[in-house]
Amino acid sequence: MVPEVPFGPAMELAGIFVGALSGGLAAVRKTFDVFGVLVLAWAAGLGGGLMRDVLIGAIPPVAIANWLFIVTALAGGLAMYFFHPRLVRARRTIAVLDAGSLALFAVVGTIKGLQYDSGLVAAVFVGTITGVGGGVLRDLLTAEVPAVLHHRELYAVPALAGAALTALLWETGLLTNATTALVVVLVFALRLAAMRFHLSAPGPWQGRRKRR
Amino acid sequence: MVPEVPFGPAMELAGIFVGALSGGLAAVRKTFDVFGVLVLAWAAGLGGGLMRDVLIGAIPPVAIANWLFIVTALAGGLAMYFFHPRLVRARRTIAVLDAGSLALFAVVGTIKGLQYDSGLVAAVFVGTITGVGGGVLRDLLTAEVPAVLHHRELYAVPALAGAALTALLWETGLLTNATTALVVVLVFALRLAAMRFHLSAPGPWQGRRKRR
Amino acid sequence: MVPEVPFGPAMELAGIFVGALSGGLAAVRKTFDVFGVLVLAWAAGLGGGLMRDVLIGAIPPVAIANWLFIVTALAGGLAMYFFHPRLVRARRTIAVLDAGSLALFAVVGTIKGLQYDSGLVAAVFVGTITGVGGGVLRDLLTAEVPAVLHHRELYAVPALAGAALTALLWETGLLTNATTALVVVLVFALRLAAMRFHLSAPGPWQGRRKRR
């Protein structure tokens, strides 16, 4: 009934780790101490799942209850704390990994929402939130406007598309291991294409457009 | 037992739409793209109800599960995205509508809290939060200090008064369609009076007062 | 089975009051009006417990349902509103009281998490969050980077240590009134020592260290 995402657990841990790197980097840039780096790593790696679990009633959220997830996020924070000059140079690699985690979080989050009987609309929402929520929490904790709201390239839209497609497949009984994997790949490809070709949502509407 | 607010559903949708306009306007001012405008519209129109539902255990929250509510919020965002120069000139009209939505959200939110057996005190809190929470979420997502905390005119106080009055009427068995409508009208009138006569809460206390 | 913290209720109220003072002070500094001062006092005094209760499913949270807690927080806000020049001079006393509330919130929060069957890891998390969450919410609502993330002296670490110790004692069946009180005292002492001797977590790692 409930499809397992192939390589899902390994990919989910990878997603948490990559999210944690982005949180650790934000903390390092604010010259936080090691504790602040770990908190930001946790928030960025697990914040999306935290919001999802609160919204669907999966209490306590895995973000505070699953020790393997937590250790993975903290490892990402420590890696960024110790190796950030080197990791910053690997930003292209990290961006690709981040696209992978966005894809997987969106699909896995939607499926978890459906498993908790949240309904199709809510499942699409929580899937998208799972994908982008970690970054939002990271930015709120560093007093920044969430990057997802003013990304130059499409970021939330691929997650939303993947969540909607997952819910549609579920509703029509077509959600299998194979189709699930396919959606993950599609979201991943869409995000990579957005980065490669600078795809963006239409900016401010004023007859002519201004872009910040 | 549970009174229906007369014209409640229509007014609630109007409230969500008006809240969404305020969120869309905040996003347009930050030159977010169309996606950011829609997210802010959703946050401002449905954020109060989202907080209420999480606090009373109404899972999943209507903010992510009720498609009519969501479509209404997104429509408000799109309206602001396309017509904001014209809508900005209609700000007096929008402020009046916003007062109406504040009134209705406060009363409806309190009743929902009571229906979920939250107790009187909690119901008053969630009613007030339903009224002002959308604006708080909007401001947090744009990295602003929530306007409700430094409004020049009373904003949360009318909502709080309406929530308290609703809970009192419920407790004494006097909450009917008629008294419910009356409370909505009272909150609406109090907020309009605050705007018209510049009623404000006492500012900083320093012997003499300074006002920012 | 569930140990009562000796003097727990009185200490918890003291903790809420002291937290509320810190929130009121933040609001006074932003020249909020009296309503804003009360909201910040509530957020700082009860925000940690609010997050804890949402995360463990204790609905409605005591932060909106327990009138004695709420009145205590508002009293703290009013005290700061009227007497802040005098209270600011008492900041050393307040810092000591705050250390006491940190200690008690962390221990009480952990025990509540265990009582709600959240598991050891989650209980440690919610205990720590109970200790530091009020300050985080206070800082978010004033659009500041949460102080806990860039404190010069250890703040969250004592809370985390106390939460972990509490969970460990629970797991091994050694959590009694006496050991509970002991953990509270240890956390209190650790925080005081951190203030007195300027103990801090390692800052940014760059071969040599820079400190902001």
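Residues numbered from 1 in each chain as written. Chains lettered and ligands numbered in written order. Predicted model: local features only at pLDDT ≥ 70, side-chain atom pairs only at ≥ 80, totals over all residues. Heavy atoms only, no water.

**Thoughts on the packing of aromatic side chains**
Within this structure, the stated rule accounts for 9 aromatic pairs over all chains. With 5.5 Å between their ring centres and 40 degrees between their planes, F125 of chain B and W42 of chain C make a pair best called tilted. On the criterion of chain membership, the pair formed by F125 of chain B in helix α6 (residues 120-141) and W42 of chain C in helix α2 (residues 34-56) is interchain, its members lying in two chains. For W42 of chain C, a relative accessible area of 12% corresponds to the buried category. For the pair F82 of chain C and F83 of chain C, a centre-to-centre distance of 6.5 Å together with 55 degrees between the ring planes defines the contact as tilted. Relative accessible area serves as the criterion here: at 34%, F82 of chain C is assigned to the partly exposed category. One aromatic cluster is present, formed by Y81, F82 and F83 of chain A through successive ring pairs. (Phe/Tyr/Trp six-rings, centres within 6.5 Å; stacked < 30°, edge-to-face > 60°. Helix = DSSP H or I, 4+ residues; strand = E, 2+ residues; numbered from the N terminus. Buried < 20%, exposed > 50% of the residue type's maximum accessible area, 1.4 Å probe, protein only.)

**Points about the interface of chain A and chain C**
Contacts between chain A and chain C engage 27 residues on the former and 28 residues on the latter. Across the interface of chain A and chain C, roughly 2200 Å² is buried in total on both sides, 73% from carbon and sulfur atoms. Joining chain A to chain C, the criterion identifies 0 salt bridges. Inspection of the chain A/chain C interface yields 3 residue pairs in polar contact (both at pLDDT 80 or more). Those elements that place two or more of their residues in the side of chain A that touches chain C are α2 (34-56), α3 (62-65), α4 (67-89) and α6 (120-141) of chain A. Sort the elements by how many residues they give to the side of chain A that touches chain C and α2 of chain A lands first, with 8 residues. Classifying every residue of the side of chain A that touches chain C gives 21 nonpolar, 4 polar and 2 charged. (Contact = heavy atoms within 4.5 Å. Buried area = accessible area lost by both parts, 1.4 Å probe. Salt bridge = Lys/Arg side-chain N within 4 Å of Asp/Glu carboxyl O. Polar contact = N/O pair within 3.5 Å; in protein donor to acceptor, adjacent residues only side chain to side chain. Nonpolar A, V, L, I, M, F, W, Y, C, P; charged D, E, K, R; others polar.)

**A few points about the UniProt feature "transmembrane region" (unreviewed entry) in chain A**
All names here are of chain A. The UniProt record annotates "transmembrane region" (unreviewed entry) at residues 6-27, 34-52, 64-83, 120-141 and 176-194. As annotated, residues 34-52 has a helix share of 100% and a strand share of 0%, and its two end C-alpha atoms lie 27 Å apart. Taken as a whole, residues 64-83 contains 95% helix and 0% strand, while its terminal C-alpha atoms sit 26 Å from one another. (UniProt positions renumbered as here; feature names shortened; annotations may be inferred.)

**Some remarks on the packing of helix α6 (residues 120-141) of chain C against helix α7 (residues 156-171) of chain C**
Residue and element names in this part refer to chain C. Relative to each other, α6 and α7 sit at 145 degrees, their axes nearing to 8 Å. Judged by the sense of rotation from one axis to the other, the crossing of α6 with α7 is right-handed. In this structure, α6 uses L120, V124, G127, T128 and V132 to contact α7, whose residues at the interface are A156, A159, L160, A163, A164, A167, W170 and E171. (Axes fitted to C-alpha atoms, helices over the stretch in contact; angles between N-to-C directions. Left-handed = near helix turned anticlockwise from the far one by under 90°.)

**Some thoughts on the pattern of salt bridges**
Under the criterion given, the structure shown has 12 salt bridges over all chains. Among the ionic pairs, K30 of chain A bridges to E144 of chain A, the shortest N-O distance being 2.9 Å. Placement of the pair is K30 of chain A in the loop between α1 (8-29) and α2 and E144 of chain A in the loop between α6 and α7 (156-171), with a sequence separation of 114 residues. With its nearest N and O atoms 2.9 Å apart, the salt bridge here joins R52 of chain C to D53 of chain C. Take D53 of chain C: its relative accessible area is 0%, and that puts it in the buried class. Taken together, the salt bridges that share partners define one network made up of R52, D53 and K112 of chain A.

**Things to note about α2 of chain C**
Residue and element names in this part refer to chain C. Helix length check: α2, at 23 residues, gives a terminal C-alpha distance of 32 Å against a target of 33 Å (1.5 Å per residue), a fit within 8%. Taking the largest bend as the criterion, α2 deviates by roughly 60 degrees, centred on L46. Of all the 23 residues making up α2, 20 are buried; the element is thus mostly covered by neighbouring parts of the structure. Taking the backbone nitrogen of F35 as reference, a side-chain oxygen 3.0 Å away marks D33 as the first, capping residue of α2. Two residues or fewer after α2 comes G57, characterised by a positive phi angle close to 80 degrees. (Expected span 1.5 Å × (residues − 1). Bend = angle between axes of the 7 residues up to and from the residue.)

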